[in-house]
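Each chain, written out:
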Amino acid sequence: KKKKKKKNEEIGALQATLLEKNKTLAFLSAHDTVTGLYNRNHMIQRAEEEISRFHRFHTTASLIVIELTPVSDDRDSIEPSAKEEALKAVATNCLNTVREVDVVSRF
């Protein structure tokens, strides 16, 4: 009985670990690693869903696109860490501005 109980505990622990790893994998497959925003693939999927809903129910829809371009003439001179910090700041501002049902992504 003790062996069986120990094996069941081990299986339970492995299942919990697997579940956690699957959650992490699902998050990483849909999110940008720099900003934490949804990534391009997730955004395309959601856009297709919204277009389908738009056609089906004839409701209004909006899409806002922001292109971030360095103002410096020498774009290569900007440190990658500074670019990442700027992206994170914009991402945070976007998330703080939109509704809970809106989707913000890094395309």
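Presented here is a report on the structure given in the accompanying data block. Owing to the predicted nature of the structure, the values given are computational and were not obtained by experimental measurement.

Basis of the calculations
- Residues numbered from 1 in each chain as written.
- Predicted model: local features only at pLDDT ≥ 70, side-chain atom pairs only at ≥ 80, totals over all residues.
- Heavy atoms only, no water.
- Helix = DSSP H or I, 4+ residues; strand = E, 2+ residues; numbered from the N terminus.
- Rg over C-alpha atoms; globule rule 2.2 N^0.38 Å.
- Buried < 20%, exposed > 50% of the residue type's maximum accessible area, 1.4 Å probe, protein only.
- Expected span 1.5 Å × (residues − 1).
- Polar contact = N/O pair within 3.5 Å; in protein donor to acceptor, adjacent residues only side chain to side chain.
- Patch = residues over 30% accessible without salt bridge, like charges linked within 9 Å, V, L, I, M, F, W, Y side chains within 5 Å.
- Areas by Shrake-Rupley, 256 points an atom, 1.4 Å probe, with all protein chains shown as cover.
- Salt bridge = Lys/Arg side-chain N within 4 Å of Asp/Glu carboxyl O.
- Contact = heavy atoms within 4.5 Å.

Bringing the overall build of the protein chain into the picture now. A tally of helices and strands in the protein chain yields 3 helices and 0 strands. Reading the protein chain from its N terminus to its C terminus gives the helix and strand order α-α-α. Over its C-alpha trace the protein chain gives a radius of gyration of 21 Å, far above what one expects of a compact globule, namely 13 Å for 107 residues. Dimensions of the protein chain along its principal axes, counting C-alpha atoms only, are 70 × 50 × 20 Å. Evaluated residue by residue, the protein chain yields a buried proportion of 9% over its 107 residues.

The end-to-end C-alpha distance of helix H2 (residues 40-57) is 25 Å, a good match for the 26 Å that 18 residues give at a rise of 1.5 Å each. The backbone nitrogen of Asn-41 has a side-chain oxygen 3.3 Å away, supplied by the residue at the start of H2, namely Asn-39. Phi turns positive, to about 55°, at His-58, one or two residues after H2.

What follows covers the side chain of His-31. Within the element layout of this structure, His-31 appears in the loop between helix H1 (2-30) and H2. Within polar-contact distance, the side chain of His-31 engages the backbone oxygen of Phe-27 at 2.7 Å.

Residues Ile-64, Ile-66 and Leu-68 make up a contiguous nonpolar surface patch of roughly 340 Å² in combined accessible area. Residue class for Ile-66 comes out exposed when judged on its relative accessible area of 53%.

In this section: the pattern of salt bridges. Per the counting criterion, the structure on display carries 7 salt bridges. Residue Arg-53 pairs with Glu-50 through a salt bridge whose shortest N-O separation is 2.4 Å. With Arg-53 and Glu-50 both in helix H2, this residue pair falls 3 residues apart, about one helical turn. Taking the relative accessible area as the measure of exposure, Glu-50 reaches 32% and is therefore partly exposed. The closest approach of N and O atoms between Glu-85 and Lys-88, which form a salt bridge, is 3.7 Å. One end of the pair is Glu-85 and the other is Lys-88, both in helix H3 (residues 80-97) and 3 residues apart, which spans about a single turn. Each of Arg-46, Glu-49, Glu-50 and Arg-53 takes part in a single network of salt bridges with overlapping partners.

Mapped onto the fold, Asp-32 is located in the loop between H1 and H2. In this structure the side chain of Asp-32 is engaged in a polar contact, spanning 3.3 Å, whose partner is the side chain of Arg-106. Those residues in contact with Asp-32, other than ones at most four positions away along the chain, are Leu-37, Tyr-38, Asn-39 and Arg-106.

Note that every value here comes from positions in space, so none of it alone points to a role or purpose.
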